[in-house]
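Structural overview
Here is how the chains run, residue by residue.
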Amino acid sequence: MSRPRTHEQRLLADAAALVTRALADLDAPAVGRLDLLEATAASYAGWDLDDYRERFSRPGQVPADDVRVWGDKLLHLLDALPIPVPLALSALAHPQLDPGARRTAGAYYTDFRLAQHLAAQLPRSYRTGDRVIDLAAGSGMLLVALTLHVADGDRAAATRFVRDAVCGADLHGDALASTRAALAATVDDLDAVSALDERLVIGDSLTRPLAEWEALAPGGFAAAIGNPPWEKLKVTRHELLTSAGIDRHYGSDYTGHDDAAYDEARQRMLAYADELGARSRLQGKGEADLYKLFLELAARVVRPHGQLGLLLPAGLIRSQGTQPLREFLLDHAEALSLTVLENRASFFAIDTRFKFLAVVAQLTEANAGSTLALHHAAGTGAGVLAQPAVEIDRTELRRLRPDLTVPEVRTADEWRIFARMSEQGVTLDHDSWRHSYLRELDMTNDKADFVCRASSSALPLVEGRMVHQHRVRAKAYRSGTGRAAVWEPLRLAAAAVAPQFWYPRRLLTPALEARTGDVRAGFCDVTGQTNERTLLAALIPAGVVCGNKVPTLTFDVDGLSTEEAATLWVALANSLPVDWAARRVVTTSMNYFLLRSLPLPALTRDEILRVIELADRLRQAEGARDADLWALGQDRAEIDAIAARSLGLDLADLEIVLNDFRLLDRGQPPLPGEERSTVTRDVALSALASELGEDAGTWRVRADRAQAQGAMPYVPSDYAKPTK
């Protein structure tokens, strides 16, 4: 499978092709790339290439006269692009890593648009003696962007900043040589580059003694900018095989695996993680992650009132293991801005749904600010466009979200709704929801025991693909393995048990055997914030066992049987208000930590019994040939209305909530003159109006017209089409 290209790579495709031709012509692929970039920088900035090469000589350099011609050609191409030439040179210097090596290193190089966006949020002026640093500089993209921001078009200002302030560190000397060349393109005096070169530090920033950073910037750095590696400190068999050139996908069998090599690599990584763990205080629970370690280091090396400007995974605001870092930022940042971005603009060669953050903080030892600014931003062809900030009160966040996870609200109204739901509702940690959570089988570790044929001595294995809202037989396995497996969506009336695997009863532990003998709740933990629906929960019947992508819950709720309690939770979890809250805190996985934080309606006894009655009808409809989809939609709308009212939402609030579900009702016929159906929206708002004792008015009229058109509410698009 070919690697996806980033937007930056597409813009620089002709330039990269020219570099390839130049290296072939120069017959020096190993060192020629840097020679060419240095020649291009010299041609752009106007300083003498021979002088530069004499100051920073390297073995095997291509003769200057040979490389100048190609440098001029490259500059001609770069001048026509919407990328400042120094940033383009940094981008062209990125090592060309295969996906395995890139993932192992956590090397997702900074797009020029992100670099400019982040740099623009840091100060433009610095005092004499101030120093700034990138602790994992790579080829210098962020340091170049910061230099251009500070200079604001003044080459003399850029020269002073590079000469006096810029510092960089990286594991690789070749990367820092590229940083030096890219920064050299911003100056008019090579003495500035010579001064800079003394502050480019080769080595592992995470193991460098703090005293050495103090020597580089007495009193601390004025700012730390960076896009540190985004990778956990662990070794997996999959990545060890792919890094060795073996093509495989997740879920396939392991072949060609060297257990000794795996054990050796794992021991080395464990020793390194232990060393770093001894140096850190804010890493929290779970596996060590490089971005967390670099964030803590950056916070240590900046001075009081110093600035952080970092690109980090969105796990910072939603993962359990990052809570100590969130606490630190809320307690020690006098100004804190979090910008949520996703990869739809192809910043990185990874999933377009991947969420990450631009984190800008001004640190202080006391007097932390009272609010944090939460932005959302998107990439354009030439930059990043940020929406206005939502100001979130830190005290209110602490009260509503004790784990300090930050919900991704886009407007003040969304924050108001989320806050009200959190105040009115209760979480799974409340005494009224005593429960047990379990991943019943592991799809990797237990796979050797799976069987591929049904028998009386084995239980059907429920996988995540089989689970949808109120459904546990939503898809049927047809062929293939792992990610290449083919599953067929089954309409409600055609539901059937058609798993990929079965699990021998004799291998069940006594506890798991008892659990599989009961009805319990389950949910698909693989999800998406912008999917048609996000939280997919269903009642898991007795006599089946679930894979790890379908964690299960059993409940001990006063006055309810275990089955009734599970039915109640499934109904509330699938409601539109709770699903909306889930979309504020997840990206691609609904883990237990996040699930426990979701606000659930606190219902009266009569409401509980009514919701269970409605949810029972929804469960019984799966596989029923005579199921009335319109009536079932009314049942779901009533559950939604009960949940919304209990959580303090009015009609205007529910309209805002529904605006987030843009993929609803695909496959349903729209009203005449409209582009798409809104039948679920109309039915849900009509139900809430009735629940609140208000006039359903337009919503009821629209719902009746949709019914006359043959539209059915709450039918997922995958199941709107007939099944063969």
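Up top is the structure.
Right, let's walk through the structure included here. None of the values given here were measured: they were computed from a predicted structure. (Residues numbered from 1 in each chain as written. Predicted model: local features only at pLDDT ≥ 70, side-chain atom pairs only at ≥ 80, totals over all residues. Heavy atoms only, no water.)

Quick notes on the packing of aromatic side chains
Quick note on the threshold: Any pair of Phe, Tyr and Trp rings, taking the six-membered ring for Trp, is counted once the centres come within 6.5 Å. Such a pair is stacked with planes under 30 degrees apart, edge-to-face with planes over 60 apart, and tilted for the rest. By the criteria applied, helices consist of DSSP H or I runs no shorter than four residues and strands consist of E runs no shorter than two, each listed in order from the N terminus. Per-residue accessibility, obtained with a 1.4 Å probe over protein chains only, is compared with the maximum for each type, and a residue is labelled buried under 20%, exposed over 50%, and partly exposed between these values. Any Lys NZ or Arg CZ found within 6 Å of a ring centre and within 35 degrees of that ring's normal is scored as a charge over the ring.
Throughout the structure, instances matching the rule amount to 17 aromatic pairs. Their ring planes at 15 degrees and their centres at 4.9 Å tell us that W47 and Y52 sit as a pair that is stacked. Judged by centre distance (5.9 Å) and plane angle (40 degrees), the ring pair of W230 and F356 falls under tilted. Separated by 126 residues along the polypeptide, W230 in the loop between β4 (221-226) and α14 (237-243) and F356 in strand β7 (residues 355-363) bring together distant segments of the chain. Taken as a pair, W230 and F356 share a single burial class, namely buried. Each member of the aromatic cluster is reached from another via a ring pair, and the members are W230, F347, F348, F354 and F356. The aromatic ring of W213 is capped on one face by R208, whose charged end is 5.7 Å from the ring centroid. We note R471 situated over the ring of Y719; from NZ or CZ to the ring centre the distance is 5.0 Å.

Some words on the pairing of strand β2 (residues 166-170)
Regular strands place their side chains on alternate faces of the sheet. Counted only if it meets this: Pairing between two strands is assigned when DSSP locates at least 2 bridges connecting them.
Counting buried residues along β2, five of its five residues qualify, which places the element largely inside the surrounding structure. Here β2 shows a buried face lined by V166, G168 and D170 and a second buried face lined by C167 and A169. In this structure, strand β1 (residues 132-134) lies alongside β2, joined through three bridges in parallel fashion. Residue pairing in the sheet places V132 in a bridge with V166 of β2. As paired strands, β2 and strand β3 (residues 200-202) are joined by three bridges and run parallel to one another. Bridging across to β3, A169 finds its partner in V201.

Digging into the nonpolar core
The following threshold applies: Buried Ala, Val, Leu, Ile, Met, Phe, Trp, Tyr and Cys residues form a nonpolar core when they are joined through side-chain atoms within 4.5 Å. Whether two residues are in contact is decided by their heavy atoms: any pair within 4.5 Å suffices.
Ranked by size, the top nonpolar core spans 209 residues in total, and within it W47, W433, F555 and W569 carry the most contacts. Ranked by residues supplied to this core, first place goes to helix α16 (residues 290-301) with nine residues. Apart from residues lying up to four places away in sequence, W569 is in contact with L428, W433, A521, G522, F523, A537, L553, F555, L595 and L600. Core analysis: the next-biggest nonpolar cluster, separate from the first, contains 13 residues, M466, V467, A485 and L536 among them.

A short note on the sheet that holds strand β16 (residues 520-523)
Filter applied, for reference: To obtain each axis, a line is fitted to C-alpha atoms, and for helices this fit is confined to the stretch in contact; angles are then taken between N-to-C directions over 0 to 180 degrees.
Spatial ordering of the open sheet is given by β11-β19-β16-β17, a layout of four strands whose pairing is antiparallel. The open sheet has two free edges, formed respectively by β11 (434-438) and β17 (537-540), since each of these has just one partner strand. Taking the axes of each pair of neighbouring strands and ignoring which way they run, one obtains an average angle of 30 degrees across the sheet. Summarising the sheet, β16 and strand β19 (residues 552-556) pair through two bridges and their orientation is antiparallel. Each bridged residue has a counterpart across the sheet, and for G522 the counterpart in β19 is T552. With respect to the sheet, helix α21 (residues 562-573) is in contact with β16, β17 and β19, its orientation differing from that of β17 by roughly 165 degrees.

Geometry only, nothing functional implied.
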